[in-house]
Amino acid sequence: MLALVLLAACSRDAEVAMPAVAAACQGCHGPYGISAHPAIPDLAGIPEENFVASMRAYQDSDGGGVMARIAPGYSKAEIAAMAHWFAELGAP
Amino acid sequence: MSLTRRAVLQALAGGAGLAALAPFQSSHAAAGTVVIAGGGFAGSTCARYLRRLAPGLRIVLIDRHAKFVTGPFCNTVIAGLREMEAITQDHRALAAEGIEFVRAEISAIDPVARTVETVDGRRWQADKLVVTPGIGFRWDSIDGYNPAAAEVLPHAWPGGPEQIATLRAQLLAMPEGGLVAIAAPPNPYRCPPGPYERASLIAYFLERHKPRAKLLILDSKDDFSKEPLFRAGWAALYGNRIEWVGRADGGRVAAVDVSGRAFITAAGERVAADVLNPIPAQTAGRLAYIADLTDASGWAPVDHRDYQSLRHPNVHVMGDACDAHPMPKSAFAATSQAKCCAFALAAYFAGADYDGTKIINACYSLVAPDYGISVTGVYAHNGADIAFIPEAGGTSPLAAPPAFRAAEADQARAWYANITRDAFGVAG
């Protein structure tokens, strides 16, 4: 069982290569963008356009939450690279 | 790294960091040995991301402990909100992923020959060395405080399960109407908001179990991390139970009377307390010193594109031990730096380009179980240096409804669950 999970994990990286800029996201959102706790959402499987729209909304937000403070640090190209990878991972 | 390669990286550094955007194709073909000394958040994260990015590498992770008690959430155990087991991680999942975990005490690191020796006489030869020892204590910073004294008056920073359990036991045993005194350290140190989260959660415990007791923070600084948010939280939840004395008002603790259970301040004032928690000044962990990676500051200077030591090429240092100012010494910063280093090492063994990436710090503190506050930052390298991006980052709003604080407290618990899975995996 464990071996199967590991193979799946390895093939995930081999098939859908991770951009370095998306590595830090997984600290809060969980490895491969799969969160173990409902207070922080999954990123895996979010459609690219939804991811980009959410990050833009956070950039324009003055709500004071963590993502409203993190999103303004990233460029359009960086957000596009994250969005593509998390979408390609597919929903858990 | 060759001079040519360094020149290429320097030429690229002014750009947008294109390699950070390109998907990194992991390569089974890349071969070599990486030896990682220290299995905390930085070392374990580096090992696991390197495994993902370069499955063909031999990765050896050496740590003297079988179990790792985390700094994050240690204050919930001190306050009786969580059991020790809930903040105890290990390296079983890493071993199952093919990372060679070696439990041994390191006796020598040669940063030029790239070798590591353990006290049991074993020796490893690495192509690339990673040294992630975390912090050490400056035992000369509080007169009379030393490793033996710390067994009586624990720093619990976090220093293993005994330190935390001892502080917890002393809080339970203290008299009604007693006094808890925390000596907060000077900058820089591991987890800047930590002493103030500790004060908060101990106050939460006192409210319920020692309702007439007080808590005093004697500080070596004149201000502290998330200060307005902590002060607002303390006023809302704990009235005047917590008193803070800054350096300018004589708050710096110069000495401790261990048997007399008292702090002595720099001005000579004696402060007796029922529970004393001296948190000493800090420096890079021992392994950074034996590997000759520290400079006069007591921390390890690094190139923030790849966390390579500025003193010894082919040796990388991340986490609390490296000088990452203006990034704080936090578990999240350590993991973020470790991933950046893992990409750099994977690129090196694959013969690919990598010129660093933006990294994040995201830290939550609990003022109470349903009252969380946070600080964030996004950082970019500027040549070999690292810089805070001013358009991003900052703390939770000072004015926010209880539901906002409760949501951030829930996020803090989610953060812990996810960052520990990211760094240590899940043992099967």
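Quick caveat: nothing in here was measured; it's all calculated off a predicted structure.

A. View of the overall build of chain B. A tally of regular secondary structure across chain B gives 12 helices and 26 strands. In summary, chain B has a C-alpha radius of gyration of 22 Å against a globular reference of 22 Å for 428 residues, a match within 12%. Considered along the principal axes of its C-alpha atoms, chain B spans approximately 65 × 50 × 45 Å. Counting contacts in chain B only where the partners sit at least 6 residues apart, residues at least 24 apart contribute 68% of the total. Accessible surface, chain B: about 15,500 Å² in total, of which carbon and sulfur atoms supply 53%. The distance from the centre of the 40 positive side-chain charges to the centre of the 41 negative ones in chain B is 3 Å.

B. Structural view of the packing of aromatic side chains. Residue and element names in this part refer to chain B. One pass over the structure, following the stated rule, counts 17 aromatic pairs over all chains. On the numbers, 5.5 Å between centres and 65° between planes, the contact of Tyr 379 with Phe 388 is edge-to-face. Given the relative accessible area of 5%, Tyr 379 is considered buried. Looking at Phe 388, the relative accessible area reads 36%, which means it is partly exposed. Ring pairing ties together the aromatic residues Tyr 196, Phe 224, Phe 230, Trp 234 and Trp 244, which thus form one cluster.

C. A look at the confidence of the model for chain A. Here chain A shows a mean pLDDT of 88. Residues at 70 or above account for 83%. Ignoring residues within four places in sequence, the model shows residues 1-11 of chain A, a span with pLDDT below 50, making 5 contacts including any to other chains.

D. Broad picture of the confidence of the model for chain B. With 95% of its residues at a pLDDT of 70 or more, chain B has an overall mean of 94. Within the model, pLDDT remains below 50 along residues 1-16 of chain B, and this stretch shows 20 contacts once partners closer than five positions in the same chain are excluded.

E. Focus on the interface of chain B and chain A. Contact with chain B, which involves 47 residues of that partner, is made by 38 residues of chain A. For the chain B and chain A pair, buried surface summed over both sides reaches about 3,500 Å², with 63% attributable to carbon and sulfur atoms. On the chain B side of the contact with chain A, Leu 21, Arg 52 and Lys 358 of chain B bury the most area, a combined 19% of that side's loss. Across the chain B-chain A interface, the total number found is 2 salt bridges. The salt bridge partner of Glu 78 of chain A is Lys 358 of chain B, with a shortest N-O separation of 2.7 Å. For the pair chain B and chain A, the interface holds 18 residue pairs in polar contact (both at pLDDT 80 or more).

F. Quick peek at the sheet that holds strand β18 (residues 275-278) of chain B. Residues and elements named next belong to chain B. As summarised here, the arrangement of the 4 strands in space is β14-β13-β12-β18, forming an open sheet in which the pairing is parallel. Two strands bound the open sheet, and with one partner strand each, they are β14 (242-245) and β18. Pairs of neighbouring strands in the sheet enclose a mean axial angle of 15°, with direction left out of account.

G. Spatial organisation of the sheet that holds strand β16 (residues 262-265) of chain B. All names here are of chain B. Pairing within the open sheet is antiparallel, and its 3 strands lie in the order β15-β16-β17. Whereas interior strands pair on both sides, the edge strands pair on one side only; in this sheet they are β15 (253-257) and β17 (270-272). Recorded for the sheet is a direction-independent mean angle of 25° between the axes of neighbouring strands. Note: β15 against β16, 4 bridges, orientation antiparallel. Within β16, the position partnered with Ala 255 by the bridge is Ile 264.

H. Structural detail: the pattern of salt bridges. Residue and element names in this part refer to chain B. Under the counting rule described, the total for this entry stands at 18 salt bridges over all chains. The residue Asp 120 makes a salt bridge to Arg 122 at a minimum N-O spacing of 2.8 Å. Here Lys 221 ties to Asp 219 by a salt bridge, and the two come within 2.9 Å at their closest N and O atoms. A relative accessible area of 5% means that Lys 221 is categorised as buried. One continuous salt-bridge network, built from bridges that share partners, spans Arg 64, Glu 105 and Arg 286.

I. How the structure looks around the packing of helix α7 (residues 161-173) of chain B against helix α8 (residues 194-209) of chain B. Residue and element names in this part refer to chain B. It is the contact of α7 with α8, at a shortest axis distance of 11 Å, that shows an interaxial angle of 35°. Crossing hand, α7 versus α8: right-handed. Side by side, α7 and α8 meet where Leu 167, Arg 168, Leu 171 and Leu 172 of the first sit next to Arg 198, Ile 202 and Phe 205 of the second. Tallied by class, the residues present in the contact of α7 with α8 amount to 5 nonpolar, no polar and 2 charged.

J. Quick look at the packing of helix α3 (residues 41-53) of chain B against helix α11 (residues 331-350) of chain B. Residue and element names in this part refer to chain B. In the contact formed by α3 and α11, the axes pass within 8 Å of each other and the chain directions differ by 35°. Judged by the twist between their axes, the crossing of α3 over α11 is right-handed. Residues Phe 41, Ala 42, Thr 45, Cys 46, Tyr 49, Leu 50 and Leu 53 of α3 lie in contact with α11, whose contacting residues are Ala 331, Ala 334, Thr 335, Ala 338, Lys 339, Cys 341, Ala 342, Phe 343, Leu 345 and Ala 346. A class-by-class count of the residues in the contact of α3 with α11 yields 14 nonpolar, 2 polar and 1 charged.

Each value, and the rule that gives it
- Residues numbered from 1 in each chain as written.
- Chains lettered and ligands numbered in written order.
- Predicted model: local features only at pLDDT ≥ 70, side-chain atom pairs only at ≥ 80, totals over all residues.
- Heavy atoms only, no water.
- Helix = DSSP H or I, 4+ residues; strand = E, 2+ residues; numbered from the N terminus.
- Rg over C-alpha atoms; globule rule 2.2 N^0.38 Å.
- Contact = heavy atoms within 4.5 Å.
- Areas by Shrake-Rupley, 256 points an atom, 1.4 Å probe, with all protein chains shown as cover.
- Lys, Arg positive; Asp, Glu negative; His and termini not counted.
- Charge placed at Lys NZ, Arg CZ, Asp CG, Glu CD.
- Phe/Tyr/Trp six-rings, centres within 6.5 Å; stacked < 30°, edge-to-face > 60°.
- Buried < 20%, exposed > 50% of the residue type's maximum accessible area, 1.4 Å probe, protein only.
- pLDDT = per-residue confidence, 0-100.
- Buried area = accessible area lost by both parts, 1.4 Å probe.
- Salt bridge = Lys/Arg side-chain N within 4 Å of Asp/Glu carboxyl O.
- Polar contact = N/O pair within 3.5 Å; in protein donor to acceptor, adjacent residues only side chain to side chain.
- Pairing = 2+ DSSP bridges.
- Axes fitted to C-alpha atoms, helices over the stretch in contact; angles between N-to-C directions.
- Left-handed = near helix turned anticlockwise from the far one by under 90°.
- Nonpolar A, V, L, I, M, F, W, Y, C, P; charged D, E, K, R; others polar.

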